[in-house]
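Chains, contacts and geometry: an overview
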Amino acid sequence: MPSDRPIGVFDSGVGGISVLAALRRELPRERFVYFGDTLHAPYGTRTPEEVLTLTRGALGGLLEKGCKALVIACNTATAAAAATLRSEWPDLPIIGMEPALKPAALMRHGGSILVLATPMTLRLEKFRRLYERYGEGAVPLECPGLVERVEAFDFEGAEEYLRDRLADHLDPAPDAVVLGCTHYVFLRPVLGRILPAATAVVDGNEGTARQLRRVLSERDLLNETGDAGGCDFLSSSSDPAALDTMRRLLRLADENDI
Ligand code: DGL
């Protein structure tokens with residue numbers, strides 16, 4: 001398969017744009033196609049079966065665009081669908097995500113680690129296994145409704161939501177907060193106003209970018225000579241505002257090094 005084909009990046013909506021920013025930094029010569037399933041977001045309060053069906057459709061669409069590898073830039077869709085879809089497309093590199101509890105555990109000095117994610121991510125088997133291994137001191141906090149605020153670019157509403165959601169967990173200050181949903185990564189500046197400076201904020205975006213590089217390199221699919229990183233945006237919503245929001249968030253991520 002030629003290495004100059006694009007990499008498909010998928011999320012329920014705009015959260016995966018934060019991952020896309022990290023992928024473009026790690027792999028500046030690759031081309032990307034980003035698909036946000038805006039019409040069906042949020043995924044985290046649906047059933048796992050619905051999310052599997054939606055994710056299968058989304059990845060199938062990206063394959064039709066000729067993608068050489070796919071990144072499920074969504075913790076929820078990874079938990080509900082990645083294992084099944086890898087078995088359905090065994091030759092296709094499919095990179096998934098999980099809450100970055102493993103690196104956060106290394107930052108713990110006896111305090112707590114708050115894990116913020118969608119209800120589905122925290123309830124499925126994948127997280128249960130992660131929690132069994134690295135969950136000492138970890139407090140999972142479901143955040144239904146937070147994805148919608150990021151989709152609507154409502155950062156004030158997100159701040160109000162998080163102040164309320166975290167109120168009972170800040171004294172004593174947590175050692176780390178894990179952003180277990182790619183939408184929440186855009187809330188780093190908001191969390192900076194709520195959390196004490198000593199609390200580390202951890203996400204899985206850079207780890208995912210490194211993992212993608214490893215997998216492409218193993219399969220001889222790295223594009224090292226292409227023109228600097230183009231990206232096409234696609235959305236399941238016909239509202240042109242959806243694509244504008246994606247481009248706006250990519251700029252925000254690049255400017256703030258998110
Ligand atoms: N960005 C997705 C994640 O990482 C959000 C899921 C949703 O749409 O609820 O989990």
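Residues numbered from 1 in each chain as written. Predicted model: local features only at pLDDT ≥ 70, side-chain atom pairs only at ≥ 80, totals over all residues. Heavy atoms only, no water.

**With respect to the overall build of the chain**
Selection rule: A run of DSSP states H or I qualifies as a helix once it reaches four residues; a run of E qualifies as a strand once it reaches two. Both are numbered from the N-terminal end. Between the two quantities, the radius of gyration covers C-alpha atoms and the globule rule is 2.2 Å times the number of residues to the power 0.38. Only protein chains enter the calculation, and the probe is 1.4 Å; a residue is then buried if its accessible area is under 20% of its type maximum, exposed if over 50%, and partly exposed in between. Note on contacts: a residue pair qualifies if any of its non-hydrogen atoms lie within 4.5 Å across the two residues. Areas reported here follow the Shrake-Rupley algorithm with a probe of radius 1.4 Å; residue values treat only the protein chains shown as occluding. Here Asp and Glu are counted as negative and Lys and Arg as positive; His is not counted, and neither are the chain ends. Throughout, a charge is located at the NZ atom of Lys, the CZ atom of Arg, the CG atom of Asp or the CD atom of Glu.
Regarding its fold elements, the chain presents 11 helices and 9 strands. Over its C-alpha trace the chain gives a radius of gyration of 17 Å, about what one expects of a compact globule, namely 18 Å for 258 residues. In terms of its C-alpha atoms, the chain occupies a principal-axis envelope of roughly 55 × 40 × 35 Å. Burial status across the chain gives 52% buried among its 258 residues. Considering only intrachain contacts with a sequence separation of at least 6, the fraction spanning at least 24 residues in the chain is 79%. On the chain, roughly 11600 Å² of surface is accessible, and the fraction owed to carbon and sulfur atoms is 47%. Of the side chains in the chain, 29 bear a positive and 37 a negative charge, and the two mean positions are spaced by 3 Å.

**Side note on the packing of aromatic side chains**
So the rule is basically this: Aromatic contacts are taken between Phe, Tyr and Trp rings whose centres are within 6.5 Å, Trp giving its six-membered ring; a plane angle under 30 degrees counts as stacked, one over 60 as edge-to-face, and the others as tilted.
Here the structure, examined in full by the defined rule, presents 5 aromatic pairs. Ring centres of F127 and Y131 lie 6.0 Å apart, and the angle between their planes is 40 degrees; this geometry places the pair in the tilted category. Linking F127 with Y131, this pair stays in helix α6 (residues 125–134), spanning 4 residues, or about one helical turn. Under the relative-accessibility criterion, F127 is labelled buried at 5%. Accessibility expressed as a relative area gives 34% for Y131, which makes it partly exposed.

**A closer look at the packing of helix α2 (residues 48–64) against helix α3 (residues 75–88)**
A pair of packed helices is characterised by two quantities: the angle between their axes and the separation of those axes. Here is the rule: The convention used is that axes are lines fitted to C-alpha atoms, helices contributing only their stretch in contact, and that angles between N-to-C directions extend from 0 to 180 degrees. Orientation labels follow simple angle bins: below 35 degrees gives roughly parallel, above 145 gives roughly antiparallel, 65 to 115 gives roughly perpendicular, and whatever is left gives oblique. For any helix crossing, the convention is left-handed if the near helix is rotated counterclockwise from the far helix by under a right angle, and right-handed if that rotation is clockwise. As a working rule, the residues Ala, Val, Leu, Ile, Met, Phe, Trp, Tyr, Cys and Pro are called nonpolar, Asp, Glu, Lys and Arg charged, and the rest polar, with Gly in that last group.
Viewed as axis vectors pointing N to C, α2 and α3 meet at an angle of 60 degrees, and their least axial separation amounts to 9 Å. It follows that α2 is oblique to α3 by the angle criterion. As α2 runs across α3, the sense of the crossing is right-handed. Packed against α2, whose contacting residues are P48, V51, L52, T55, R56 and L59, the element α3 presents T76, A77, A80, A81, T84, L85 and E88 at the interface. Looking at the contact of α2 with α3 residue by residue, the class counts come to 8 nonpolar, 3 polar and 2 charged.

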